[in-house]
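Listed below are the residues making up each chain.
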Amino acid sequence: MSFQLEGKKTVVTGGSSGIGLATVELLVAEGALVAWCGRDEQRLNDSKALILSRYPNAKVLTSTCNVLDKNDVKKFADQVQNEFGGVDILINNAGQGRVSNFENTADEDWLKEVELKYFSVLHPIRAFLPALQQSECASITNVNSLLALQPEPHMIATSSARAALLNLTHSLAHEFSQYNIRVNSILLGMVESAQWKRRFADRSDQKQTWEEWIGNIAKKRGIPMERLGKPEEPARALVFLASPMASYTTGSAIDVSGGFNKHL
Ligand code: NDP
């Protein structure tokens, strides 16, 4: 079975690390042209060097771009248009979560979180929409979190903003059907990546190894599969939803949480 991605023009926001980078690699391996962005130039250059060391003939483009900056995103979209001559697939992955409860979330933190969850998706969609409308297999896939359905008090702002993103994704799926653009999302549980490495660095017991720390988290949280996900696991779900293999799927969300979802 092939994902039918050979020669497809694809964009991944936040492609320089973690889930985004695993997605970039999978798309490149499938023969797609891949453009990705991130804010940190060094990390972006390192990710490009890594991909080209593994796939020397890959057609790739990287751009330093903050997805919350409309002008940056427009510039990125223009670069992709000039280089690839169109876009078939947009994967909105850039972002991070905020660990805070009601008491220690200031008003400005709420605003920042809402801005991040909405505009990290809205700016790229606006910028890439004209190109997607020209594609015969267009799709938008948003990285979202299981927090959208299963909120956690210690991530109060992120949980509620994630619920809004799930709702927004559904509306967009309906509105964009007229352009034959499918819109879907994945709902993540906990996945090993830079966010978790940062939290690991700040762990209370500095003697704990990565494996011990991660294993304890999985056990404490009651993840049925007793481990965190690897970045390539959500990447595979993202690539499936984004690809023509999912041609009759829109307004849908795939759970990638190792069974952590407590809902039917
Ligand atoms: P990483 O920190 O490993 O990767 C995040 C990527 O996004 C990096 O490339 C980062 O590069 C980029 N990025 C972040 N903010 C921006 C921005 N404003 N503009 C452009 N690029 C940006 O994290 P993950 O791989 O874990 O996270 C990927 C997505 O999955 C995020 O949206 C995250 O919230 C979501 N998620 C992750 C979970 C997990 O357990 N890992 C759980 C639930 C959701 P740079 O910093 O250089 O900009």
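Scroll up for the structure.
Keep in mind that this is a model prediction, so the values were computed, not measured.

Conventions used here
- Residues numbered from 1 in each chain as written.
- Predicted model: local features only at pLDDT ≥ 70, side-chain atom pairs only at ≥ 80, totals over all residues.
- Heavy atoms only, no water.
- Phe/Tyr/Trp six-rings, centres within 6.5 Å; stacked < 30°, edge-to-face > 60°.
- Helix = DSSP H or I, 4+ residues; strand = E, 2+ residues; numbered from the N terminus.
- Buried < 20%, exposed > 50% of the residue type's maximum accessible area, 1.4 Å probe, protein only.
- Near = heavy atom within 4 Å.
- Polar contact = N/O pair within 3.5 Å; in protein donor to acceptor, adjacent residues only side chain to side chain.
- Areas by Shrake-Rupley, 256 points an atom, 1.4 Å probe, with all protein chains shown as cover.
- Nonpolar A, V, L, I, M, F, W, Y, C, P; charged D, E, K, R; others polar.
- Domains from an automatic or database assignment.
- Contact = heavy atoms within 4.5 Å.

Draft legend 1. Representation of the packing of aromatic side chains. All chains considered together, the criterion is met by six aromatic pairs. Between Phe200 and Trp210, the ring centres sit 5.3 Å apart and the planes meet at 85°, which makes this aromatic pair edge-to-face. Linking Phe200 in helix α6 (residues 194-201) with Trp210 in helix α7 (residues 210-221), this pair joins segments that are ten residues apart in sequence. Of the two residues, Phe200 and Trp210, both sit in the buried class. Members of the aromatic cluster, joined through ring pairs, are Trp196, Phe200, Trp210 and Trp213.

Draft legend 2. Highlighting the site of the ligand. Near the ligand you find 30 residues, and of these Ser16, Ser17, Arg39, Asn93 and Ser193 are the closest. Residue Arg162 places a side-chain N or O atom 2.8 Å away from an oxygen atom belonging to the ligand. Separating an oxygen atom of the ligand from a side-chain N or O atom of Ser193 is a distance of 2.4 Å. Its free accessible area being 880 Å², the ligand has 94% of it covered by the protein chains. Elements represented by at least two residues in the shell around the ligand include exactly α1 (18-29), β5 (139-145) and α6. Among the elements that take part in the shell around the ligand, α6 stands out by supplying four residues, more than any other. Among the residues making up the shell around the ligand, the classes are represented as ten nonpolar, 15 polar and five charged. Per-domain counts for the shell around the ligand show at least three residues from each of domain 1 (9-191 + 231-253) and domain 2 (192-228).

Draft legend 3. Quick look at the side chain of Thr13. Positionally, Thr13 belongs in strand β1 (residues 9-13). A relative accessible area of 1% means that Thr13 is categorised as buried. Of note is the side chain of Thr13, whose polar atom sits 2.9 Å from the backbone nitrogen of Asn93. Among the polar contacts listed, one links the side chain of Thr13 to the backbone nitrogen of Ala94, at a separation of 3.0 Å. Once you skip the residues sitting within four places of it in the chain, Thr13 turns out to touch Cys37, Val67, Leu90, Ile91, Asn92, Asn93, Ala94 and Pro124.

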